[in-house]
Every structure is written in structure tokens, then in C-alpha cells.
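# Architecture at a glance
In case you want the letters, here they are:
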Amino acid sequence: MSKVVYLRIADELRERIVSGQLAPGADVPTEAELSELWQTSRGPVRNALATLKAEGLVDTGRGRPARVARREPAQALDVNIPFTRWAESIGAVPGAVTQHISRRRSDASIAEEFGIAVGDAVVEVLRLRLLDGRPTMLERLVYTEEVGRVLFTHDLDRVSITELLADAGFLRGGVTHEIDAIAAEPLDGELLGVAEGSPILRLHRVSRDSEGRITEVSDDHYRSDIVRFTLATPDPQTRPAPGAPYLRGLTP
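None of the values given here were measured: they were computed from a predicted structure. (Residues numbered from 1 in each chain as written. Predicted model: local features only at pLDDT ≥ 70, side-chain atom pairs only at ≥ 80, totals over all residues. Heavy atoms only, no water.)

## Some words on the overall build of the chain
Stated formally: Strands here mean DSSP runs of E at least two residues long; helices mean DSSP runs of H or I at least four residues long; both are numbered from the N terminus. The rule is simple: take the accessible area with a 1.4 Å probe, protein chains only, and divide by the maximum for that residue type; under 20% is buried, over 50% is exposed, in between is partly exposed. We call two residues contacting when some pair of their heavy atoms lies within 4.5 Å. Note on areas: Shrake-Rupley, 1.4 Å probe, and residue coverage restricted to the protein chains presented here.
Helices and strands together make up the secondary structure of the chain, namely eight helices and eight strands. Going through the 252 residues of the chain one by one, you find that 39% of them count as buried. When contacts within the chain are restricted to residue pairs at least 6 apart in sequence, those whose partners lie at least 24 apart make up 57%. Only carbon and sulfur atoms are counted for the fraction: they give 50% of the accessible area of the chain, which is about 13,800 Å².

## Description of helix H3 (residues 42–54)
For clarity, the threshold we go by: Multiply 1.5 Å by the residue count of a helix minus one, and that product is the helix's expected span. In this description, one arc is meant: the one made by directions from the helix axis to the C-beta atoms.
If you check H3, its first and last C-alpha atoms are 18 Å apart, about what 13 residues at 1.5 Å a residue would give, namely 18 Å. Taken together, the buried positions of H3 are Pro-44, Val-45, Ala-48, Leu-49 and Leu-52. The buried residues of H3 occupy an angular sector of 135° when projected down its axis, which confines them to one face. Gly-56 occupies a position one or two residues after H3 and carries a positive phi of about 80°.

## Re the packing of helix H1 (residues 5–18) against helix H2 (residues 31–38)
Applicable threshold: Simply put, an axis is a line fit to the C-alpha atoms, just over the touching stretch for a helix, and the angle between two N-to-C directions goes from 0 to 180 degrees. Relative orientations are named as follows: roughly parallel for angles under 35 degrees, roughly antiparallel for angles over 145 degrees, roughly perpendicular for angles from 65 to 115 degrees, and oblique for any other angle. In this scheme, a crossing is called left-handed if the near helix is turned counterclockwise away from the far one by less than a right angle; it is called right-handed if the turn is clockwise.
Running from N to C, H1 and H2 point in directions that differ by 115°, and their axes come no closer than 12 Å. Taken as axis vectors, H1 and H2 run roughly perpendicular relative to one another. Relative to H2, H1 is oriented so that their crossing is right-handed. In this structure, H1 uses Arg-8, Ile-9, Glu-12 and Leu-13 to contact H2, whose residues at the interface are Leu-34, Leu-37 and Trp-38.

## A look at the nonpolar core
If you look at soluble globular proteins, the nonpolar side chains tend to sit buried side by side. Quick reminder of the rule: Among the buried residues, those of types Ala, Val, Leu, Ile, Met, Phe, Trp, Tyr and Cys that are joined through side-chain atoms within 4.5 Å form a nonpolar core.
In this structure, Leu-13, Ile-17, Val-28, Leu-49, Leu-52 and Val-58 are the most contacted members of the largest nonpolar core, which totals 15 residues. Of all the secondary-structure elements, those providing two or more residues to this core are H1, H3 and strand E2 (64–68). Once residues within four sequence positions are removed from consideration, Ile-17 is found in contact with Leu-22, Leu-57, Val-58 and Val-68. Counting residues in hydrophobic clusters, the runner-up holds 11 residues, among them Phe-83, Ala-92, Leu-131 and Leu-203.

## Considering the sheet that holds strand E6 (residues 175–183)
So the rule is basically this: Two strands pair if DSSP finds at least two bridges between them.
Strand order across the open sheet formed by six strands is E3-E4-E5-E8-E7-E6, with antiparallel pairing between neighbours. Lying at the two open borders of the sheet, with one neighbouring strand each, are strand E3 (94–105) and E6. Between one strand and the next, the sheet's axes are offset by a mean angle of 15°, whatever the strand orientation. Pairing of E3 with strand E4 (residues 121–131), which is carried by 11 bridges, proceeds in the antiparallel orientation. Its bridge partner lying in E4, Arg-103 is registered against Val-123.

## Notes on unusual backbone geometry
Of note, the phi angle at Gln-39 is positive, near 55°, even though the residue is not glycine. Position of Gln-39 among the secondary structure elements: in the loop between H2 and H3. Taking the relative accessible area as the measure of exposure, Gln-39 reaches 68% and is therefore exposed. Positive phi values are uncommon outside glycine, yet Asp-132 reaches one of about 50°. You can see Asp-132 is positioned in the loop between E4 and strand E5 (134–144). On the basis of relative accessibility, which here comes to 54%, the residue Asp-132 falls in the exposed class.

## Regarding the packing of H2 against H3
In plain terms, the rule: We call Asp, Glu, Lys and Arg charged. Ala, Val, Leu, Ile, Met, Phe, Trp, Tyr, Cys and Pro are nonpolar, and the rest, Gly among them, are polar.
In the contact formed by H2 and H3, the axes pass within 9 Å of each other and the chain directions differ by 115°. Between H2 and H3 lies a crossing of right-handed hand. Residue-level contacts link Glu-31, Ala-32, Leu-34 and Ser-35 of H2 to Arg-42, Val-45, Arg-46 and Leu-49 of H3. Of the residues contributing to the contact of H2 with H3, the split by class is four nonpolar, one polar and three charged.

Following this line, the structure appears as C-alpha cells:
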């Protein structure tokens, strides 16, 4: 069976964008023009444009034609340094907009991950991170109550939480990172400006103190059109001991 119309429209427009026939910032043909060209209604045309928008290839806005998205080169991200310091290292201006910070009782899933009892207090933070004013990453952070209580007396829009906690005596010991691709949730769509269900990158982090106790569990959701993760192979002369974690070059 041949492809449905909207997929064929999306394929042709994608080819024109990738080949450079439609340059970054150029207007995409209007819905009326595409409908006439493909002898179809506007429904399939809109579905095709929505597909390309979810892929990060076009930008759409009310009252204007779709335009080819301006794609910026990715920058190397080291997950072992705070987002704020990494942004500064690449010459970008880091920003943060805290959505909420709250103390709550742990549910079964949080309790299991931390190794605490259901109902024990934890502190939860939701914070949008920016690069040069552009929404880039949504942090979902959960801390044990002992650690998280430090955060209530500070403006989290203006500090690196990692450095703030270190100054308070809560130094990180071991950190485990897990990276995967997930579908954007409604909150991701609202705050990151992506289509719900479109692919985004998730960095799941579990941090321990020097005694091996879990103090932080976080999910960082990155826009996949801004951030890309790559794994660097260590120099054989500096390769970690067998079994030691090694994750250095993750990319925006």
C-alpha cells in the first residue's frame, strides 16, 4: 500500500530541507499552495507540517507561514560538571526559572529508589534551564529532606544547586547516569516548547554521598534539537579501573 498523503508531503519537504533547497529561515510553501500541489485538503498538509515540527525541521506560528528551523551546532556537555558551569564554558548565558519547590511525603517508587520508608519526607524541585534565554532542559529533582531543606532559603534561579549543596557540606560521592530517549510529556511540551509526544532526551541521575547513601534522584529532560549526547572513549593511559563508571562527553 502506498504511503498516506501526509507522509509523502512530509518526505518531500524533508528532502528539500535536508538538501538545502529550502534554507534555514526560508518560508515553507503555504497550506493553500501545498494543498493545490498535492490535490488534497488542508488536513494532510497540517499533519505533514506537524510531523516536521516534531522533528525540529520547521517552526510554525499563528498567522504566518511555516519556516525552516535554524539549527545550531551541538556543543559538548560534560555531565560531571553543573549545567551552569558547562554553559559558561561554551560561552553561553545559563538561566533558570524555578517552577516549584516543595516538601512532600515519598510515595512507593521514590521510597524504593532512595531506600527509605514510604511516607518519609523528601524535597522536590522542578526547574527550567535556559541557554541564552532559550528553554533547553527541564529538571525534575528529588532530595532527601536533610539535603533538600537547604534549598528553601536560596533563590534557585540564581545558583547552581550542586555547588550550593557542596558549600553546605553535602558533597557528591558516586553518581550514576542513565541516558535514553523518551516521548515529551505535556509539561515538557508546555515549558520546553516542543510537541507533546515528540522525542526528547532524558538524563536520569542518582547521586550518593561519601558513605554511599542516595541523596538525590533526578530526571533531566533535554530538547533533542539543541542537545545531543555522545560517549567519549577514554585514553588507554587514563582508562578507569575495571568496573568504574566512565561517562564524559555528553552533547548539546
